[in-house]
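Breakdown of the fold
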Number of protein chains: 2
Amino acid sequence: MANEVILLDFWPSMFGMRTRIALREKGVDFEYREENLRDKSPLLLQMNPVHKKIPVLIHNGKPVCESSIQVQYIDESWSHKNPILPSDPYQRAQARFWVDFIDKKMYEAQRKVWASKGEEQETGKKEFIELLKILESELGDKPYFGGDDFGYVDIGLIGFYTWFPGYEKYGNFSIEAECPKLIAWAKRCMQRESVAKSLPDSEKVTQFIADLRKAFGVE
Amino acid sequence: MANEVILLDFWPSMFGMRTRIALREKGVDFEYREENLRDKSPLLLQMNPVHKKIPVLIHNGKPVCESSIQVQYIDESWSHKNPILPSDPYQRAQARFWVDFIDKKMYEAQRKVWASKGEEQETGKKEFIELLKILESELGDKPYFGGDDFGYVDIGLIGFYTWFPGYEKYGNFSIEAECPKLIAWAKRCMQRESVAKSLPDSEKVTQFIADLRKAFGVE
């Protein structure tokens, strides 16, 4: 059976970016289909009836939903090259722990940095920097989260990097001053073709944030 | 190296129950240590410094946190018998999707059923029943969520069953009337020794809910 791979996605989504990177790490050709989240396609609603969210990976007509599950699915389905999760069960559990941590904490925290004002924004900024420092401490002096090889946690986190200039602009702080090793890690990741090709230009993301702020009445 | 397995847990936790069941499915001897969540042990704080939550699985001195990750870790570390996740990548992704769905939706919804009053409780009940119906529809006419074999989604969900009588008492509704197939499934699961041994008596859980309602001022 030919591999037909379709990704329903939305360009600034840090979750969609995970799946794009994983597919490119494995050298899988895929058809990227941009969704309009204000007018979702019938295919999106059919393929993800429970959450109705992007990204949705459609492999030979069958949907896989939730980005962290998609990345694991891609790793297991195209296991011939560039392993994404480590092979050791304990290391796998640790990698899953950190992606779960990112899923549970980062999205909410980053949102407060650019979508709120005053005290709520200050609290959000503090929380967000704390999260980044926890992640930086887990990274330590390793080139990547899993050690010498780019892998699951790197894929789980790097999409946020393209949002960083927006957080800095609207939060009025420097992430590099707070977490220099994390920025060095992000620049290292950006040298990979799979990442560079999957992350949009951060100026475009910053403009997207500006538009959202207007739409949400934060300005 | 001998396998020393310790589980830091709290008896009514539906998440802790998952890990107990998985260990028993694999025939792993473990030391169960009850935590006092109002005065957490130094070991818990040391082993799960990020979330400070039970359950924590400690295998030969090394912690694994988050119940769904523990169950996968147990499946991968003791792979000699009773596979928990299916072997096919697509089926694995589907199983992960449903456990993730339970994690994201069930806990919050069930809490509203017994920890709120009036309109909030009515909305919560409606949401909770909707979730159960989605799960029942995914179960369909299969004996277990994955098909003929007890597995990952069954382990992910069954712990809630011991809380059902409490939901029914304080929500004033019958789950069996709403979701008869789901109740038949739960009774099927309860026939397994791993499950029967891992779930506390539901009367004790109902009393625990009554105590929480008093503590939260719901009564």
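This structure is a prediction, so every number in the text was calculated from the model and none was measured. (Residues numbered from 1 in each chain as written. Chains lettered and ligands numbered in written order. Predicted model: local features only at pLDDT ≥ 70, side-chain atom pairs only at ≥ 80, totals over all residues. Heavy atoms only, no water.)

1. A word on the packing of helix 5 (residues 118-139) of chain B against helix 7 (residues 164-171) of chain B
How two helices pack is summed up by the angle between their axes together with the distance between the axes. Residues and elements named next belong to chain B. Formally: Note on definitions: angles span 0 to 180 degrees between N-to-C directions of axes, and those axes are lines fitted to C-alpha atoms, for helices only across the stretch in contact. Secondary structure elements are taken from DSSP: a helix is a run of H or I of four residues or more, a strand is a run of E of two residues or more, and numbering for both begins at the N terminus. For a crossing to be left-handed, the near helix must be turned anticlockwise from the far one by less than a right angle; the clockwise case is right-handed. Between two residues, a contact is recorded if the distance between any of their heavy atoms is within 4.5 Å. Residue polarity follows a fixed list, in which Ala, Val, Leu, Ile, Met, Phe, Trp, Tyr, Cys and Pro are nonpolar, Asp, Glu, Lys and Arg are charged, and the others, Gly among them, are polar.
Taken N-terminus to C-terminus, the directions of helix 5 and helix 7 make an angle of 145°; their axes are 11 Å apart at the nearest point. The two elements helix 5 and helix 7 cross, and the hand of that crossing is left-handed. From helix 5, Gln121, Lys125, Phe128 and Leu132 reach across to helix 7, where they touch Phe164, Tyr167, Tyr170 and Gly171. When the residues that make up the contact of helix 5 with helix 7 are grouped by side-chain class, the tally is five nonpolar, two polar and one charged.

2. A word on empty space enclosed by the protein
Residue and element names in this part refer to chain B. Here is the rule: A pocket here means an open set of points on a 1 Å grid, computed over the protein atoms alone, that has protein on both sides within 12 Å along at least five of seven lines. A cavity is instead a set of points where a 1.4 Å probe fits but cannot get out; residues with an atom within 4 Å of a point line either one. Grid points are joined across faces, edges and corners, and a volume is the space filled by probe spheres set on the points.
For the structure shown, the criterion picks out one cavity of 30 Å³ or more. What the largest cavity holds in volume is close to 30 Å³. Leu132, Leu157, Ile158, Phe160, Tyr161, Phe164, Leu182 and Trp185 are the residues that line the largest cavity. Contributions of two or more residues to the lining of the largest cavity are made by helix 6 (152-158) and helix 9 (180-190). Split into classes, the residues belonging to the lining of the largest cavity amount to eight nonpolar, no polar and no charged.

3. Observations regarding helix 3 (residues 67-77) of chain B
The condition is simple: Think of it in three bands: with a 1.4 Å probe and only protein chains considered, a residue is buried below 20% of the maximum accessible area for its type, exposed above 50%, and partly exposed in between.
Within helix 3 of chain B, nine of the eleven residues are buried, leaving the element largely enclosed by the surrounding structure. Looking only at helix 3 of chain B, the buried set comprises B:Ser67, B:Ser68, B:Ile69, B:Gln70, B:Val71, B:Gln72, B:Tyr73, B:Ile74 and B:Asp75.

4. Brief notes about the pairing of strand 2 (residues 31-34) of chain A
Residue and element names in this part refer to chain A. In plain terms, the rule: Strand pairing is defined by DSSP finding a minimum of two bridges between the two strands. When the strands point away from the viewer and the connection leading from the first strand across the helix to the second strand turns clockwise, the crossover is called right-handed.
Summarising the sheet, strand 1 (residues 5-9) and strand 2 pair through four bridges and their orientation is parallel. From the neighbouring strand, Ile6 faces strand 2, where its bridge partner is Glu31. Regarding the hand of the β-α-β motif, the stretch spanning strand 1, helix 1 (residues 14-25) and strand 2 is right-handed.

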